[in-house]
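Letter by letter, the chains look like this.
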Amino acid sequence: MVSIYTAVAALLLGIGLSAARADTNADAFVAHQAATQTFEADLRQVFHWSFPRKHVESLGHISYQAPGFLAIVLTNPASELVLVCGDDLYIQRDKKALAKYKLEVHNGKPTQNVQFLLSFFQNGCTNFAGLFDATMTRSNDAETVMLRPKHYAQMLPLRSVENVIAWPSFDVRSMRIGLIWDSYITYEFSNPRRNQPLAASVFEVPKR
């Protein structure tokens, strides 16, 4: 099973790669991300796993504060928390015990997938872009980005990611993540808010 932060990280990395196709777009994209002090949006997640069969729709929220705070919260139907505070990662699923991990980089690859997502907000994820190939199509007000791992075995069960983002704001609209055995995860992002004050309680570590 691919967690929410793995999926969102793959989407946002794809956006960074598509922007890098042209120097002007890449510079504008990186500057936009570097100027992002806070970001939040509502999430709708659909998880479909073919074997064993499972289909779940969930609602949640994502929040970021520069330079190193990130919170992803699912609240319906089951709770899940992914929280980054500097080099510390906390994960809690469905009222289970809170787990703590350290964020590190070994041989150019992050030890936790959530580092892709954090890097997206910090610098457009340019430091990890070499792990994926991306193709792009564009309409009047949006771009569709297809993201595929350069080495599939390293990214299993991920097979592909199809993203729709607003242009030229870079706001995420939706994504579909293809997984092995025709499984998938889809996300819809709504009500994005950038550089607005966030409550300090958003990034508080739950008591263990």
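All of these numbers come straight from a predicted model, not from anything done at the bench.

Caption draft 1: Structural context of the overall build of the chain. A tally of regular secondary structure across the chain gives four helices and 13 strands. Within the chain, the fraction of its 208 residues that count as buried is 46%. Residue pairs at least 24 apart in sequence account for 48% of intrachain contacts in the chain once pairs closer than 6 positions are excluded.

Caption draft 2: Highlighting the pairing of strand β9 (residues 132-138). As paired strands, β9 and strand β10 (residues 142-149) are joined by seven bridges and run antiparallel to one another. By the bridge assignment for β10, T135 is matched with M146.

Caption draft 3: Summary view of the pattern of salt bridges. For the structure shown, the criterion picks out six salt bridges. Across the pair R193 and E40 runs a salt bridge whose closest N-O atoms are separated by 3.4 Å. Of this pair, R193 sits in strand β13 (residues 184-194) while E40 sits in strand β1 (residues 38-49), and the two are 153 residues apart along the sequence. Overlapping salt bridges, with partners in common, bring together R44, E57 and E188 in one network.

Caption draft 4: Quick peek at the packing of aromatic side chains. Taken as a whole and judged by the stated rule, the model has five aromatic pairs. Ring geometry for F51 and W181: centres 6.4 Å apart, planes at 90°, overall edge-to-face. Taken as a pair, F51 in the loop between β1 and β2 (54-65) and W181 in the loop between β12 (172-179) and β13 lie far apart in primary sequence, 130 residues in all. Note on accessibility: F51 and W181 belong to one class, exposed. Ring geometry for Y187 versus F189: centroids 6.4 Å apart, planes at 45°, classification tilted. Through a chain of ring-to-ring contacts, three or more aromatic side chains come together here, namely F47, W49, F51 and W181.

Caption draft 5: Layout of the sheet that holds β13. What the 11 strands build is an open sheet, ordered β6-β5-β4-β3-β2-β1-β13-β12-β11-β10-β9; its pairing is antiparallel. A strand with exactly one partner marks an edge of an open sheet, and here the two such strands are β6 (99-102) and β9. Taking each pair of neighbouring strands and ignoring which way they run, the sheet shows an average axis angle of 15°.

Caption draft 6: Main features of the environment of E143. Assignment of secondary structure puts E143 in strand β10. Judged by relative accessible area, which is 2%, E143 ranks as buried. A sequence separation of 29 residues divides E143 from V172, and the C-alpha atoms of the two residues are 9.9 Å apart.

Caption draft 7: The nonpolar core, seen in detail. Formed by 29 residues in total, the largest nonpolar core has its most connected members in I62, L70, V84, L89, V114 and I177. Here the element with the most residues in this core is β1; it accounts for five residues. A71, L83, L98 and F203 belong to the second-largest nonpolar core, a separate cluster that totals eight residues.

Caption draft 8: Representation of the pairing of β12 in the model. Where strand β11 (residues 158-166) lies against β12, seven bridges are found, and the strand directions are antiparallel. Note that in β12 the partner of V164 across the bridge is S174. Hairpin remark: β11 followed by β12, antiparallel, with five residues in the connecting loop; positive phi at F170, about 65°. Pairing of β12 with β13 involves five bridges; the strand directions are antiparallel. Across the sheet, I177 pairs through a bridge with I185, a residue of β13. What sits between the antiparallel neighbours β12 and β13 is a turn of four residues, in which W181 has the positive phi angle 60°.

Criteria and cut-off values
- Residues numbered from 1 in each chain as written.
- Predicted model: local features only at pLDDT ≥ 70, side-chain atom pairs only at ≥ 80, totals over all residues.
- Heavy atoms only, no water.
- Helix = DSSP H or I, 4+ residues; strand = E, 2+ residues; numbered from the N terminus.
- Buried < 20%, exposed > 50% of the residue type's maximum accessible area, 1.4 Å probe, protein only.
- Contact = heavy atoms within 4.5 Å.
- Pairing = 2+ DSSP bridges.
- Salt bridge = Lys/Arg side-chain N within 4 Å of Asp/Glu carboxyl O.
- Phe/Tyr/Trp six-rings, centres within 6.5 Å; stacked < 30°, edge-to-face > 60°.
- Axes fitted to C-alpha atoms, helices over the stretch in contact; angles between N-to-C directions.
- Core = buried A, V, L, I, M, F, W, Y, C linked by side-chain atoms within 4.5 Å.

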